[in-house]
Amino acid sequence: MRLVVLGGGESGAGAAVLGKDKGMEVFLSDFGKLSDHYRGILEKEEIEFEEGRHTEGKIMNADVVVKSPGIPPTAPIVEKLVEKGVPVISEIEFASRYTDSKMVCITGSNGKTTTTLLTYHILKKAGLDVGLAGNVGKSLALQVSRDPHEVYVIELSSFQLENMYKFKANIAVIMNITPDHLDRYDHKMENYAAAKFRILQNQTKDDYFIYWQDDPLIKEQIIKVQGEALRLPFGLSKEDETAAYLDNGIVRFSTPMDVWEVPRDKLSLPGLHNLYNSMAAGLSATALNVKNESIRAALEDFEAVEHRLEYVATVDGVKYVNDSKATNVNSTWYALESMDTPVVLILGGKDKGNDYTEIEPLVREKVKGIVCMGMHNEKLLQFFSGKVKEIRDTHSLADALEACREIAENGDTVLLSPCCASFDLFKSYEDRGEQFKRKVLSFKG
């Protein structure tokens, strides 16, 4: 069998290694430039590859193609493969065909990384043989091939779900669905929501579906689902089927597997969004029959995710918080909701068709100044002008932080929660967050 892998990042390199180990003829093609790390893996494994181009003569004769989630279905080479009838699948789909391990799969517009890492932390601390994969951790394919585990916790984006067909999640989690990546889905929310709900395909009565019961788009989409999986919804209040909810400061878990509770103020992660993340992770662990004492202890000692409401430093009485991972409006809503001091808010980057009306009430209530940081701030300036006391237009991190220092006073919080992707001024949201932290820490001398 000839396997062609499109894209030479973490998922692509892992898929190539798995294909080699299964005796396939493997060829990897990356239209860009490979990193030294992944080029080294391919050379060590003696896997044929190319970079900087897609040679059709070496691609179109594939029996199956594993595509990087970052390559859109409208890419010319992908369209040609589909037209020819060559199966195009994701790395997760490919890896799943060679393992019987349990899969805990987490998706959503916001909160999925924290929930994934928190779930992994709980299971690891409970002594399970667990691997971390998807958008975080190592390639699932590489782990299946070289470092197998009995359980995998996998963060899945809508991009990854697009090319998954036979894959089955034993536990499927949908945190929420808010506008994001709509340029990939013909600017239609129903298309984006449908991509997220692919996580439920192939589930049986022995599986679990965990979701936020108050999300309007999930409510709308769930009516169309005929799956047999046991539903374990979570939310602020108890309804007929609610499996996790808040009751007078107590987070209560009530499932067919176990009934237990944990005081909200004992959770290691603050904020409403992290309450939901903790509920989803707790339900996932309960579904795997982890003892509630172990879950409770892990929820109480988990350390926050980098670049998500990450405290950096206090300088001249002003607290600096790195929320660079907030690349859409809903993420910033949760960040603002958790603030209990006046805020100087840094917004900006690559706008993905954002509607800022969602955060307008919180901005009016909590934000004293907005600093726009990006190459094109016109939309932000137009929307927020007149809605805060001060608004600044900056085009670099240094200028943005200088403006923040001019506006912020003792007791305020400078919050980097940009609402936007990072690709105008930075390589990634991680790069944006790291640069922010370094610059802030330099103020301390």
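Conventions and cut-offs
Residues numbered from 1 in each chain as written. Predicted model: local features only at pLDDT ≥ 70, side-chain atom pairs only at ≥ 80, totals over all residues. Heavy atoms only, no water. Phe/Tyr/Trp six-rings, centres within 6.5 Å; stacked < 30°, edge-to-face > 60°. Lys NZ or Arg CZ within 6 Å of the ring centre and 35° of its normal. Pairing = 2+ DSSP bridges. Helix = DSSP H or I, 4+ residues; strand = E, 2+ residues; numbered from the N terminus. Right-handed = clockwise from strand over helix to strand, strands pointing away. Core = buried A, V, L, I, M, F, W, Y, C linked by side-chain atoms within 4.5 Å. Buried < 20%, exposed > 50% of the residue type's maximum accessible area, 1.4 Å probe, protein only. Contact = heavy atoms within 4.5 Å. Axes fitted to C-alpha atoms, helices over the stretch in contact; angles between N-to-C directions.

Enquirer: Explain the packing of aromatic side chains here, please?
Expert: Aromatic ring pairs are described here by two measures, namely the spacing of the ring centres and the angle between the planes. Summed over the entire model, instances satisfying the criterion amount to 11 aromatic pairs. Three or more aromatic residues link up through ring pairs in this structure, and these residues are Phe197, Phe209 and Tyr211. Above the face of the phenylalanine 383 ring, lysine 387 is positioned so that its terminal group lies 3.6 Å from the ring centre. Looking at arginine 405, its charged tip hangs above the ring of phenylalanine 443, at a distance of 4.0 Å from the centre.

Enquirer: Can you walk me through the pairing of strand β11 (residues 230–234) in this structure?
Expert: The side chains of a regular strand alternate between both faces of the sheet. When strand β10 (residues 208–212) meets β11, the two strands line up parallel, connected through five bridges. In the sheet register, phenylalanine 209 faces β11, and the bridge partner there is arginine 231. The β-α-β motif built from β10, the intervening helix α10 (residues 216–222) and the parallel element β11 has right-handed crossover chirality.

Enquirer: Just checking my understanding: could you explain the nonpolar core for this structure?
Expert: Where a protein is soluble and globular, its nonpolar side chains tend to be buried together. Among the nonpolar cores identified, the biggest contains 45 residues, and Leu140 and Ile154 are the most heavily contacted of them. The element contributing the most residues to this core is helix α1 (residues 10–21), with four residues. Val130, Tyr208, Leu267 and Leu272 belong to the second-largest nonpolar core, a separate cluster that totals 41 residues.

Enquirer: It is not clear to me how the sheet that holds strand β5 (residues 88–89) should be interpreted in this structure. Could you clarify?
Expert: Within a sheet, neighbouring strands are paired by backbone hydrogen bonds and run either parallel or antiparallel to one another. Strand order in the open sheet formed by five strands is β3-β2-β1-β4-β5, with parallel pairing between adjacent strands. Only two strands of the sheet have a single partner each, and these edge strands are β3 (48–51) and β5. Sheet analysis places strand β1 (residues 2–6) next to strand β2 (residues 25–30), joined by five bridges and oriented parallel. Within the sheet, the bridge partner assigned to leucine 3 lies in β2 and is valine 26. Each of β1, β4 (64–67) and β5 is contacted by helix α4 (residues 76–84), which is oriented at about 150 degrees to β1, the strand it contacts most.

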